Structure formats: C-alpha cells, structure tokens
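Fold and contact review
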Amino acid sequence: MLKSLLRYQSTGGNVSENHMRKKLYENGVTASLQSNFALLLKLSEELLDKWLSYPESQHVPLSQHMLGFAVKSVTQMVMGSTFEDGQEVVRFQKNHGTVWAEIGKGFLDGSLDKSANRKKQYEDALMQLESILKKIIKERRGMNFNQHIFIDSLVQGNLNDQQILEDSMIFSLASCIITAKLCTWAICFLTTSEEVQKKLYEEIDQVFGKGPITPEKIEQLRYCRQVLCETVRAAKLTPVSARLQDVEGKVDKFIIPRETLVLYALGVVLQDPRTWPSPHKFDPERFDDESVMKTFSLLGFSGTQECPELRCAYMVTTVLLSVLVRRLHLLSVEGQVIETKYELVTSSKEEAWITVSKRC
C-alpha cells in the first residue's frame, strides 16, 4: 500500500522475483535487529536516565518521547552511524512527519493535489529523504562495516539502486511510526492496568534478575509478547492493511484476480466480539489461547505472516519495556482522557501524558 501511495513502480516483475525481494527484505530486518541489539539497549537506557532525572510529579509527553526514541532507533538500524548525529535525526524526523502526514491523509482524501503549497512541501521532504538514502546506498556498496544495517542486506542482494531506495524508504517510514505508536499505546495501557504492569514487572524480574538484558533472554518474555499483541489489538494499531492477491480468489460470486490490491478492514476485525470476548477490555491473557494466536497470525500480526515493520516494532518495544518497567512505575495522569485518531497507524489526537516513579 505504501508503494502505491508513494507512487513507486519498481516491482520485480514475476512472482519468483517478487518473492525473492520479499525474503531479502524480511532477512534484512532480522539481520539489522540482531546486529543492533546493543544500540537499542543503549537508546532505551538513555531514555530511562532522562525519566529518572524528572521529579515524580512531572508530566512526561509520552507520544513526543516515543517518536524521538523510535526515529533514533530505526534510522540507525536502517542507515547506520550517520544518524548518531542529533541534527540528522531532527532533520529526518521533520521530513518524515511531512511525508507521513500526507500519506495518511492527503493521498487518501485527494486534498494533496488540491494544494500546491502542501504538495511542494511533501515533494521537497520526500526528495530530502531520498537524497540521504541514495548517499548512504552509494557509501555502503563494496565496503565492509562493523555495524550491519538494513541497507547492507539489500545491497548484498543484487537489487538495483532504485529498488534499494524504495525498500529502505518504505521500511524507514513505516517502522518509525509503527514503533513509536506501539511504544506509546503499550505504555498507555500499562499505566491504566496496574495488574498487567505488575505481572510484566514480575516476568522481567524473573527472566533477567539482576543480570544484563540479552537477546537470548528477551525471547523468554512470553507475557511481554502477549501485552504487545493485546496492545496492537486493543489500540487497533493498523486499522487497515493491504496485500496483493497471490492467487485468484472468490468472495461469494465475485472473482478477485491475481495481483489485485486487497484492502483489509483490520480495525473492525480486531474488535469483533465473535472473535474477541469483551473486545474493549485490555486483557493480554486472552493470548494464552493458541487458537487466538492463530487468528492473530492469520491477520498478519504474528508468526510467518507478520509484517516486517511490526516485527521490528515488537523487538524495539520489548527492549524498551524491559529497561523501563525494571526500574520505574509507569503512572497515568489523573483525569486525562485519550481520544483516538485513526489513520494508517492509530495515534492519540492530543499528547498522551504520564508520570513515573522509581521502583524500590
């Protein structure tokens, strides 16, 4: 869907080439997460130190902090050490915001083409994002670096520069926003669900004890994964998705030709009471049931069908929660009502505020 909205055209051509490119993309996500685990831990600990420095009564602008954290994490995983520079991160975040705002609204309601000023701002921001990606793609070709990044996997996969540009742009745009919103909603739900936060803390304490957070032990956080799955469901994190039909399909008497772009109304499915009892209740333990996990997997939120950008967001958010919940109580602001804004990725209409206090 994002390729269509960005008006990117360079598909592989036939089914086997498209499948190869998809596998390359997915393997690139896996490799960059493995290579950059220490980076995710470092950025999480930096945020923890920042929050620990606040007085307990101070309101924390959660959405703002989570977007900053996500952009820092994703840009360094995709594009490497260039984004250790804070000014580069700020510049990327500004351009990302301009492009994503129009993808989420301007293209879908047709308003972008009606405003010359907005269209120019969008095109300039997209051009600046593409420019930095082209520069990094050129730098990474034929070179060896200690840090493996997402672009490296694409470069090594014999894609042409335009294909690498498109795939790294899609991953950067989508991963930044999905990671930011998953972090935001997960913490929001934890602040209003004291028992869930207590159980998550107990699991983190049991798995890590006083030892370091490691990739091997992260995989043992089963309840944390349930919390994130329930966050995706309860927040309707991605209320709509799209896939190309692999084979010809049929719905009632209607034929869906192969390679038709099919939209899925996930926001409706994720809160259907026939599938999810008490759908408006935040209940991670519903994912104890294997049949529930199977349904979730079929929707593309887990397992082999899992969206690569969401897989990245799961890992980044798991590391962040492990660091934060280990040391902090996450608390809601009394009287705050968080209203929801549904676009390609669900967000809060206004800033979501929390407070934090140190654990004994």
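For every chain, the first residue of the written sequence is number 1, and numbering continues from 1 onward in sequence order. Only residues with pLDDT of at least 70 get local features here, since the model is predicted, and only at 80 or more are side-chain atom pairs given and counted; chain-wide, interface and lining totals rely on the full set of residues. Note: side-chain values were computed over all heavy atoms of the structure, leaving out hydrogens and water.

1. Brief notes about the nonpolar core
In terms of nonpolar packing, the biggest core is built from 111 residues, with Leu6, Trp51 and Ile151 touching the most fellow members. Every helix listed is a DSSP run of H or I at least four residues long, and every strand listed is a run of E at least two residues long, numbered separately from the N terminus. Among the elements that take part in this core, helix H8 (residues 161-192) stands out by supplying 18 residues, more than any other. We call two residues contacting when some pair of their heavy atoms lies within 4.5 Å. Excluding anything up to four places from it in sequence, Ile151 contacts Val78, Met79, Leu133, Ile136, Ile137, Arg140, Ile164 and Ser168. Side-chain atoms within 4.5 Å link the members of a nonpolar core, which is a set of buried Ala, Val, Leu, Ile, Met, Phe, Trp, Tyr and Cys residues. Remark: exposure states derive from per-residue accessible area (1.4 Å probe, protein chains only) relative to the maximum for the residue type, with buried under 20%, exposed over 50%, and partly exposed in between.

2. Considering the sheet that holds strand E1 (residues 60-61)
Strands pair in a sheet through their backbones, by hydrogen bonds, and they do so in one of two ways: parallel or antiparallel. With respect to topology, three strands assemble into an open sheet ordered E1-E9-E6, the strand pairing being antiparallel. The open sheet is flanked by E1 and strand E6 (328-332), the only strands paired with a single partner. Strand pairing is defined by DSSP finding a minimum of two bridges between the two strands. Relative to strand E9 (residues 353-358), E6 is paired through five bridges, and the arrangement is antiparallel. Following the sheet pairing, Leu328 is matched in E9 by Lys358. Against the sheet, H8 makes contact with E6 and E9, and its axis sits at roughly 85° relative to E6, the strand it touches most. Helix axes are fitted to C-alpha atoms over the stretch in contact, other axes to C-alpha atoms as well, and angles between N-to-C directions run from 0 to 180 degrees.

3. Notes on the packing of helix H3 (residues 37-52) against helix H4 (residues 62-79)
Running from N to C, H3 and H4 point in directions that differ by 155°, and their axes come no closer than 10 Å. As judged from the angle between their axes, H3 and H4 are roughly antiparallel. Crossing of H3 against H4: the hand is right-handed. In contact with Leu39, Leu40, Leu43, Ser44, Leu47, Lys50 and Trp51 of H3, H4 contributes Leu62, His65, Met66, Phe69, Lys72, Ser73, Gln76 and Met77. Classes in brief: Ala, Val, Leu, Ile, Met, Phe, Trp, Tyr, Cys and Pro nonpolar; Asp, Glu, Lys and Arg charged; the others, Gly included, polar. The residue makeup of the contact of H3 with H4, split by class, is nine nonpolar, four polar and two charged. Should an angle lie under 35 degrees it is considered roughly parallel, over 145 roughly antiparallel, and from 65 to 115 roughly perpendicular; all remaining angles are considered oblique. Two helices crossing with the near one rotated counterclockwise from the far one by less than a right angle form a left-handed crossing, whereas a clockwise rotation gives a right-handed crossing.

4. Considering the side chain of Ser73
Counting through the fold element by element, Ser73 comes out in helix H4. Judged by relative accessible area, which is 0%, Ser73 ranks as buried.

5. Topic: the pairing of E9
Note: E1 against E9, two bridges, orientation antiparallel. Its bridge partner lying in E9, Pro61 is registered against Trp353.

6. Notes on the packing of aromatic side chains
Where two aromatic rings form a pair, the distance of their centres and the angle of their planes describe that pair. Ring pairs are drawn from Phe, Tyr and Trp, using the six-membered ring of Trp, whenever the two centres fall within 6.5 Å, and their geometry is named by plane angle: stacked under 30 degrees, edge-to-face over 60, tilted for the rest. Inspection of every chain in the model, using the stated rule, returns nine aromatic pairs. Each ring, one from Tyr25 and one from Phe171, has its centre 6.0 Å from the other, and the planes form 85°; the classification is edge-to-face. With Tyr25 in helix H2 (residues 15-35) and Phe171 in helix H8, this pair connects stretches of sequence that are 146 residues apart. Relative accessible area serves as the criterion here: at 0%, Phe171 is assigned to the buried category. Centre to centre, the rings of Phe150 and Phe171 are 4.5 Å apart; their planes meet at 25°, and the pair counts as stacked. Pair noted here: Phe150 is in helix H7 (residues 150-155) and Phe171 is in helix H8, with a separation of 21 residues, a long-range link. One aromatic cluster is present, built from ring pairs that chain together Tyr25, Phe150 and Phe171.

7. Description of the pattern of salt bridges
For this document, the term salt bridge refers to a Lys or Arg side-chain nitrogen within 4 Å of an Asp or Glu carboxyl oxygen. Going through the model one piece at a time under the given rule, you end up with 18 salt bridges. A salt bridge links Arg140 to Asp152, with the shortest nitrogen-to-oxygen separation between them at 2.8 Å. You can see Arg140 sitting in helix H6 (residues 116-140) and its partner Asp152 sitting in helix H7, a full twelve residues away along the chain. The pair formed by Arg140 and Asp152 is uniform in burial state, with each residue classed as buried. In this structure, Lys349 and Glu339 form a salt bridge, with 3.8 Å as the shortest nitrogen-oxygen distance. With Lys349 in the loop between strand E8 (347-348) and E9 and Glu339 in the loop between E6 and strand E7 (340-341), the pair connects residues that are ten residues apart, well separated along the chain. Residue classification places Lys349 among the partly exposed positions, given a relative accessible area of 48%.

8. Remarks on the UniProt feature "coiled-coil region" (unreviewed entry) in the protein
UniProt positions are given in the numbering used here, feature names are shortened, and annotations may be inferred rather than shown by experiment. UniProt annotation of "coiled-coil region" (unreviewed entry) refers to residues 112-139 when read in the numbering used here. As annotated, residues 112-139 comprises 86% helix and 0% strand, and the C-alpha atoms at either end are separated by 34 Å.

9. With respect to unusual backbone geometry
In this structure, Asn158 takes a positive phi of about 60° despite not being glycine. Located in the positive-phi region is Lys236, a residue other than glycine, with phi close to 50°. Within the secondary structure layout, Lys236 lies in the loop between helix H11 (222-235) and strand E2 (241-244).

10. Details of the state of the cysteines
Cysteine sulfur atoms that come within 2.5 Å of each other are treated as a disulfide pair. Here the structure, examined in full by the defined rule, presents zero disulfides. Take Cys229: it sits in no disulfide, and the sulfur closest to it among the cysteines is that of Cys224, at 9.8 Å. Classification of Cys229 by relative accessible area gives buried; the value is 1%. Among the cysteines around Cys307, which has no disulfide bond, Cys312 carries the closest sulfur, lying 9.6 Å off.

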